[in-house]
Every structure is written in structure tokens, then in C-alpha cells.
Amino acid sequence: MKKIKVLWIEDGAFVEVSKLTGPLYTSGKYNLVIALNASDGIKAIKKNEFDVVIVDIRIPPGSDPAWKGVVARSRTDKIQTRLGLNLLYSLLKPDLVKEKITLTGIPEWVSMHPERFGVLTVEDERDIVEDLEKLGLPEESFTRKKSKMPVTALLDLIERIVQLKEKSTSAGG
Amino acid sequence: MDAQLTEAWGVAYFQIIITLLVFAFSIPFIVYQISLPKEILHIINKYMKRSVWLVLSIIIMLFIFALCFIWILHPVRGRIATWQHWAAGLLITSALIFTLLFWVRMLLGSIKKVIRKLEVKIKKDIYENGISLSQKEEILDDLISLGKNSDPGHEKRLVLDALNRLAIHIQRNNDYSGCELEDYLRSFEKIILNDIKPGNDDNFCRSVEILKGIKDRFSEINPKINTDFTLAQTITINLSAEAVKSKTNITAKKILQNVYDNNEAVFEMGLAALEAKKYSIALSALNELEALEEKNRSNEQIHHLLGLLAHFRLVYPAGKRRAEWFLSKNVSDFKPSFGECVQEAIEFFYKTALYDTVEKLTIMQEELYYYTDPDPSF
């Protein structure tokens, strides 16, 4: 049984939302890779092909000066800059991104399979619905982080995206 | 009539100046001597001598200047202070404050300066004499000793970063054959795992990152020998297992993300986590080992996977349930057969003297006899 490869770009993955990983590991179906910031997320995407990529909107830039520059130019912090959205735009719709970062070496599977991407964030869906539409991400690929969300929230989101991916594969085939 | 400059007056002024300068020197110096361990002081004093003399010379010159200036002044009764009095007073006070601040600043930054000095010396020696250790063993020993005796956190990090830069410098040298980093690599354990001043969480993470970088560079450089690679693997295993035992769960999980390609490190982390009852870390480690696309019985990763599964089976019914769930879904993927893979794993751990794992694998082999049958009927 081949494991489903998941990338989770989330700076709180080992801290405030670490409990969400338990069900994934217990299920045994997923190979989870965690990136704590935008730079590490992009590095992971360049290195491996993922079946599912979950992105948090509020992530730190990491060590890459290009991402650090975006935060510096916005003159705010990671919360206001919403770097996760910028990352998604840079990967899926680079023409629409406001703060353009030219990403090189991004593998083909990213542009060919946008249905693999999802968002797990504290933002209300209403606040980012426009961005989700522009990115071509359906409602099912979004989950809001709440203080009393079920511990299976991440697992449920991944399973919905996997189903979307399978639908898209069978529709294309 | 103006009062005359007398010997008594001069002596009194001189004594005051000397007393103030002695305080300006000695207080930070005493604090410095008390606050640093003697092993570090010895190394700092060894490499900072020239700087100390330079500073002393400047101070003495300033002192003489101040003294000469004072000699111009005369004690006057009843007269309002002239600009010379104010200037002299300002100069003396400034010289004293400058001495105090300069000395404190120099002493506070001395560890960083010495580390930098040692790094530069080693690089200079590499340039002049090549990358073999013989000429620079003493300097490297001093750097390691600094790291070993420094406080966990920022100070140890300075040494680790210096070792990282040196490792990169050596690996990028054309003469690097794959075995010149032995002493540099062994220093990580001395700095991080010593009983008196072990590294903190950040030091553990940073060490594992550096070791990973050293191993990753092997694929770029492709040297003839891979001794350094093997040693870096071994030290990574030791640090990772210790991180599970003595550091926070967050640190252990961060390290696990970094060592995913080192199946022995993942296995050891899983074992250490089970022993420490840190089941979420153990489960993360198991997941890393499970993420295989082809299961080949000669692959060491299979042995480690089966070994960890065997341990899981004997950790409460929950662990057994999780392990057997995986086996039920994947048993047919083990080639040529699950039974033969288990037997190979038993032989492997027997040869490496991990008898506890041998015992648990043997129990798994006996209890899951229906899985080991070459033609499972389920």
C-alpha cells in the first residue's frame, strides 16, 4: 500500500496544532512532511512530488531573502502579510500575485494539479473567499482553524482533497 | 596670591588618579575572572594577549596625558573654576569612563572574538599546509574545548557555526577525499553530549542540521572515501536518540523531520520514544519507516521497520492494533515474503547485538505465523 504524501506548511505544526498530526499517523495511510515557513515549503515542493499540500495563510518567511523581503516591504508582521496566500499565488497563479516572487525550479505537477492544494487557517472563509476563487480552490479544500476544532480536522481536509484529486483524475481520464 | 603646587598636592592628585584607574581596570576584570570557567579563561587568555597589551598601552598613554594636563592646574582658593579646570575634569572623567566601558566591552565579546580568531587560524593553516589535521590539532582542540565548556545556547551555537563553516571550507577543498573531517565530527558529541554543560534544544537541532549538510554535500562532491559520511550518520543517530530522551517533544519532532532519510536514526528515535513513553514521537518515527514504496528484504530500512513494528506490538493493545493494522494492509508488499523478511531482520539485529529487538521480532514471528506462511490464506 503506497502512502499518500502530504506536505503541511504550518509554523505551529509542532506546537499549538500538533495534536492534528496524531490521527494522520495513527491511520498509517499518510507520509507527512512538515515545513515551518515559506522558504522550507518551497524547498520541499522542489524536492518531492506531493499528493496533497496544505498551507496556512499566516506563515513566517524563513531564510530565503525573497520571502523576507515581502514581509519587510509590507512593513507589518507575518499575520498581516498573509504570506501563505502569496505562496499559493506564486505557485498556482503567478500572474495574479501582487508582491511578485519569481520561483524557479518549481516542478510541473504543481501547475498541472492545483486540486492537490488546500488551506488550513484561522481566517474566516469569507475573508479569503475571493482569493480562493482566483486560485481555483473549491470550498472543500478550505478548513478554518478554531480553538475547539476536532482533532481530525487536518485528516478530514486531506481526505476531501484526495477525493477531489481522484475525481479530477477520473474526469481527465 | 595663588597657592603653589606642592608635592603633597601632586601626590594626592596622583593617588586619586591611580585609585580611579585601578578601579576602572580591576572591577570588570574580577567579574570576568569569576564569571567564566577556568577552561575557557585559559584559552581566551592564550589568544587575546596581544589585544590586552594593546589596550593597556592605550590606557597608560591616556593616563599620562591626563596626568600632564592636571599638572598644569593649580589648586586655587576662592577663585571660580576656569575653562581649564572644567576641561581637565571632563578629560579625566571621560578617560576613566572610556577605560571602563572599553574594557567591559572587550571582555564581554571575548569568547566570540576568540572563536573567530581560532577559525581564521585554522583556515590560514589549511591554506598554507593543506587540510590534514596534524598542523592544526592544537587549535582545533582549543575550539572544541571552548565549545564544551561554553554555556548552552548562544555560546555553544557560535562554536557549532564555526565548525560548520570549517567543514564547508574543507569539503569544498579540492584535496578533500572524504575522511578529513573526523575530529571535527567527533567534536559535536563532546560539545553537545557532555554531562557538565550539555547543549540546549536549539544546539541539538543545529547540530543535526549541520551534520545533514555535511552528508548532503557528499552527493555533490562525490569523494573517494565515505568515512566522514558514515561518521556523520552515527553521530546523528546518537544525538537524535538523546534528543528524544532529554529534550522537548518539539525538538525531537523537528529533528525527526531532518533525519527522515537516516533509517537507523529514525529507528533509534522510535525506540527511545517508546521507552520514554513519548508515543506521539514513536508513531511519527514509525510513519517515516513505513513510507517505503518497494519493500526489498535486503534493504536495511525493512529491518528497522519490522524491528520497530515488533516493539510497537508489545506496547499496550493500542500499539499492537496500530502495528497489526499496517501489517494487514502491507504484508503482501514484503518481498520475497513477509516471513523471510522477518527472519532476515532477526539475523540483522542478532548480528548488531540488539537482543531486545530480536526477542520482540521472534515473538511477532511466532504470533503472526499466518503472515509468515509463504501462501497466506487470509
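On a predicted model such as this, the values are computed, not experimentally measured, just so you know.

**Student:** What is the right way to look at the overall build of chain A in this model?
**Tutor:** When you go through chain A residue by residue, the secondary structure sums to 8 helices and 5 strands. Helices and strands appear in chain A in the N-to-C order β-α-β-α-β-α-α-α-α-β-α-β-α. The C-alpha atoms of chain A give 15 Å as radius of gyration, which agrees with the globular expectation for 173 residues (16 Å, within 12%). With the C-alpha coordinates aligned to their principal axes, the bounding extent of chain A is approximately 45 × 40 × 30 Å. Taken over 173 residues, chain A has a buried fraction of 52%. A sequence separation of at least 24 residues applies to 67% of the contacts in chain A between residues at least 6 apart. Here chain A has roughly 8200 Å² of accessible surface; of this, 51% comes from carbon and sulfur atoms.

**Student:** Explain a nonpolar patch on the surface to me, please; I cannot follow it from the model alone.
**Tutor:** Together, Phe-14, Ile-18 and Val-22 of chain B give the surface a local cluster of nonpolar side chains, amounting to about 240 Å² of exposed area. Within the secondary structure, Val-22 of chain B is located in helix α1 (residues 7–35).

**Student:** I tried to follow the confidence of the model for chain B on my own but got confused; where do I start?
**Tutor:** Caution applies to low-pLDDT parts of the model: their predicted coordinates are not meant to be read in detail. Residue and element names in this part refer to chain B. Across chain B, the average pLDDT comes to 82, with 79% of residues at or above 70. Per-element confidence in chain B is highest for helix α12 (residues 263–275), whose mean pLDDT is 95, and lowest for strand β1 (residues 295–296), whose mean pLDDT is 54. A low-confidence stretch, residues 374–378 (pLDDT under 50), is modelled with 4 contacts involving residues beyond four sequence positions or located in other chains. For this predicted complex, the interface confidence comes out at an ipTM of 0.73, alongside a pTM of 0.77.

**Student:** Explanation requested: the interface of chain A and chain B in the structure shown.
**Tutor:** The accessible area lost on association of the parts is a frequent measure of interface size. In this assembly, 20 residues from chain A lie in contact with 18 residues from chain B. Summing both partners gives a buried area of about 1500 Å² for chain A against chain B, and 54% of it is carried by carbon and sulfur. The largest share of the area that chain A buries against chain B comes from Met-1, Phe-14 and Tyr-25 of chain A, three residues that together contribute 45% of it. Linking chain A with chain B are 1 salt bridge, by the criterion used here. Of the charged contacts, one joins Glu-290 of chain B and Lys-3 of chain A as a salt bridge, the two residues approaching to 2.5 Å between their closest N and O atoms. Run the count over chain A and chain B and you get 7 residue pairs in polar contact (both at pLDDT 80 or more). Elements with a contribution of two residues or more to the side of chain A that touches chain B: α1 (21–27) and β2 (30–35) of chain A. Considering only residue class, the side of chain A that touches chain B consists of 10 nonpolar, 6 polar and 4 charged.

**Student:** What is the right way to read the packing of helix α9 (residues 201–221) of chain B against helix α10 (residues 227–246) of chain B from this model?
**Tutor:** The relative placement of two packed helices comes down to the angle between their axes together with the axis-to-axis distance. Residues and elements named next belong to chain B. In the contact formed by α9 and α10, the axes pass within 10 Å of each other and the chain directions differ by 155°. Between α9 and α10, the angle is such that the two are roughly antiparallel. Both α9 and α10 take part in a crossing whose hand is left-handed. Two secondary-structure elements touch here, α9 through Phe-204, Ser-207, Val-208, Leu-211, Lys-215 and Phe-218 and α10 through Asp-228, Phe-229, Ala-232, Gln-233, Ile-235, Thr-236, Leu-239, Glu-242, Ala-243 and Ser-246. Looking at the contact of α9 with α10 residue by residue, the class counts come to 9 nonpolar, 4 polar and 3 charged.

**Student:** I keep staring at empty space enclosed by the protein and nothing clicks. Help me out?
**Tutor:** Where empty space is left becomes clear once a probe the size of a water molecule has been rolled over the atoms. A complete count under the given rule lists 4 cavities of 30 Å³ or more for this structure. Roughly 60 Å³ of volume is contained in the second largest cavity. Lining the second largest cavity, in full, are Ala-13, Phe-14, Thr-21, Tyr-25 and Ile-34 of chain A together with Lys-253, Leu-256, Gln-257 and Ser-284 of chain B. Breaking the lining of the second largest cavity down by element, the ones donating at least two residues are α1 of chain A together with α11 (249–258) of chain B. Tallied by class, residues from the lining of the second largest cavity come to 5 nonpolar, 3 polar and 1 charged.

**Student:** Looking at this structure, I do not really get a positive patch on the surface. What am I missing?
**Tutor:** A cluster of basic residues, Lys-113, Lys-117, Lys-121 and Lys-124 of chain B, forms a positive patch at the surface. Note on Lys-124 of chain B: relative accessible area 51%, which makes it exposed.

**Student:** Can you walk me through the packing of aromatic side chains in this structure?
**Tutor:** What describes a pair of aromatic rings is the distance from one ring centre to the other and the angle between the planes of the rings. Taken as a whole and judged by the stated rule, the model has 9 aromatic pairs over all chains. When the centroid spacing of 5.6 Å and the interplanar angle of 70° are considered together, the rings of Phe-218 of chain B and Phe-229 of chain B count as edge-to-face. Here Phe-229 of chain B lies in helix α10 and Phe-218 of chain B lies in helix α9, a separation of 11 residues in the sequence. One aromatic cluster is present, formed by Phe-50, Trp-109 and Phe-117 of chain A through successive ring pairs.

**Student:** Quick question: what am I supposed to make of the pattern of salt bridges here?
**Tutor:** Pairing between side chains becomes possible if they bear opposite charge and their charged atoms approach one another. Residues and elements named next belong to chain B. Taken as a whole and judged by the stated rule, the model has 26 salt bridges over all chains. Lys-197 is paired through a salt bridge with Asp-151; the nearest N and O atoms lie 2.8 Å apart. Highlighted residues: Lys-197 in the loop between α8 (182–192) and α9 and Asp-151 in the loop between α6 (137–149) and α7 (154–171), separated in sequence by 46 residues. Between Asp-202 and Arg-157 there is a salt bridge, and its shortest N-O distance comes to 3.2 Å. Note that Asp-202 is positioned in helix α9 and Arg-157 in helix α7, a separation of 45 residues in sequence. A relative accessible area of 35% means that Asp-202 is categorised as partly exposed. For Arg-157, a relative accessible area of 28% corresponds to the partly exposed category.

**Student:** Mind showing me how you'd approach the pairing of strand β4 (residues 117–121) of chain A here?
**Tutor:** Strand residues, when the strand is regular, have side chains that alternate between the two faces of the sheet. Residues and elements named next belong to chain A. With 5 of 5 residues buried, β4 lies mostly within the body of the structure. On β4, burial covers both faces: Phe-117, Val-119 and Thr-121 on one face and Gly-118 and Leu-120 on the other are all buried. Across 3 bridges, the pairing between β4 and strand β5 (residues 142–144) is parallel. Bridge pairing links Thr-121 to Arg-144 in β5. At this point the chain moves from β4, through helix α7 (residues 125–135), to the parallel β5, and the crossover so formed is right-handed.

**Student:** Explain α11 of chain B to me, please; I cannot follow it from the model alone.
**Tutor:** Residues spaced three or four apart along an α-helix point in a common direction, a consequence of the helix completing one turn every 3.6 residues. Taken together, the buried positions of α11 of chain B are Thr-251, Ala-252, Lys-253, Ile-255, Leu-256 and Gln-257 of chain B. Residues of α11 of chain B that are buried sit in contact with α1 and β2 of chain A together with α9, α10, α12 and α13 (279–290) of chain B.

**Student:** Please explain the side chain of Asn-263 of chain B as it appears in this structure.
**Tutor:** Position of Asn-263 of chain B relative to the elements: it lies in helix α12. One polar contact links Asn-263 of chain B to His-304 of chain B, side chain to side chain, over a distance of 2.5 Å.

**Student:** Explain unusual backbone geometry to me, please; I cannot follow it from the model alone.
**Tutor:** Across the chain, the bulk of peptide bonds are trans and the bulk of non-glycine residues have phi less than zero. All names here are of chain B. Of note, the bond from Lys-335 into Pro-336 is cis; its omega dihedral lies within 30 degrees of zero at -5°. Its identity as a non-glycine residue notwithstanding, Asn-222 has a phi of 55°, on the positive side. By secondary structure assignment, the location of Asn-222 is in the loop between α9 and α10. For Tyr-316, which is not glycine, the phi torsion reads 55° and is therefore positive. With respect to the helices, strands and loops of the structure, Tyr-316 is situated in helix α15 (residues 316–330).

Rules behind the numbers
Residues numbered from 1 in each chain as written. Chains lettered and ligands numbered in written order. Predicted model: local features only at pLDDT ≥ 70, side-chain atom pairs only at ≥ 80, totals over all residues. Heavy atoms only, no water. Helix = DSSP H or I, 4+ residues; strand = E, 2+ residues; numbered from the N terminus. Rg over C-alpha atoms; globule rule 2.2 N^0.38 Å. Buried < 20%, exposed > 50% of the residue type's maximum accessible area, 1.4 Å probe, protein only. Contact = heavy atoms within 4.5 Å. Areas by Shrake-Rupley, 256 points an atom, 1.4 Å probe, with all protein chains shown as cover. Patch = residues over 30% accessible without salt bridge, like charges linked within 9 Å, V, L, I, M, F, W, Y side chains within 5 Å. Salt bridge = Lys/Arg side-chain N within 4 Å of Asp/Glu carboxyl O. pLDDT = per-residue confidence, 0-100. Buried area = accessible area lost by both parts, 1.4 Å probe. Polar contact = N/O pair within 3.5 Å; in protein donor to acceptor, adjacent residues only side chain to side chain. Nonpolar A, V, L, I, M, F, W, Y, C, P; charged D, E, K, R; others polar. Axes fitted to C-alpha atoms, helices over the stretch in contact; angles between N-to-C directions. Parallel < 35°, antiparallel > 145°, perpendicular 65-115°, else oblique. Left-handed = near helix turned anticlockwise from the far one by under 90°. 1 Å grid on protein atoms, 1.4 Å probe; cavity = no way out; pocket = protein on both sides within 12 Å on 5 of 7 lines; lining within 4 Å. Points joined across faces, edges and corners; volume = space filled by probe spheres on them. Lys, Arg positive; Asp, Glu negative; His and termini not counted. Charge placed at Lys NZ, Arg CZ, Asp CG, Glu CD. Phe/Tyr/Trp six-rings, centres within 6.5 Å; stacked < 30°, edge-to-face > 60°. Pairing = 2+ DSSP bridges. Right-handed = clockwise from strand over helix to strand, strands pointing away.

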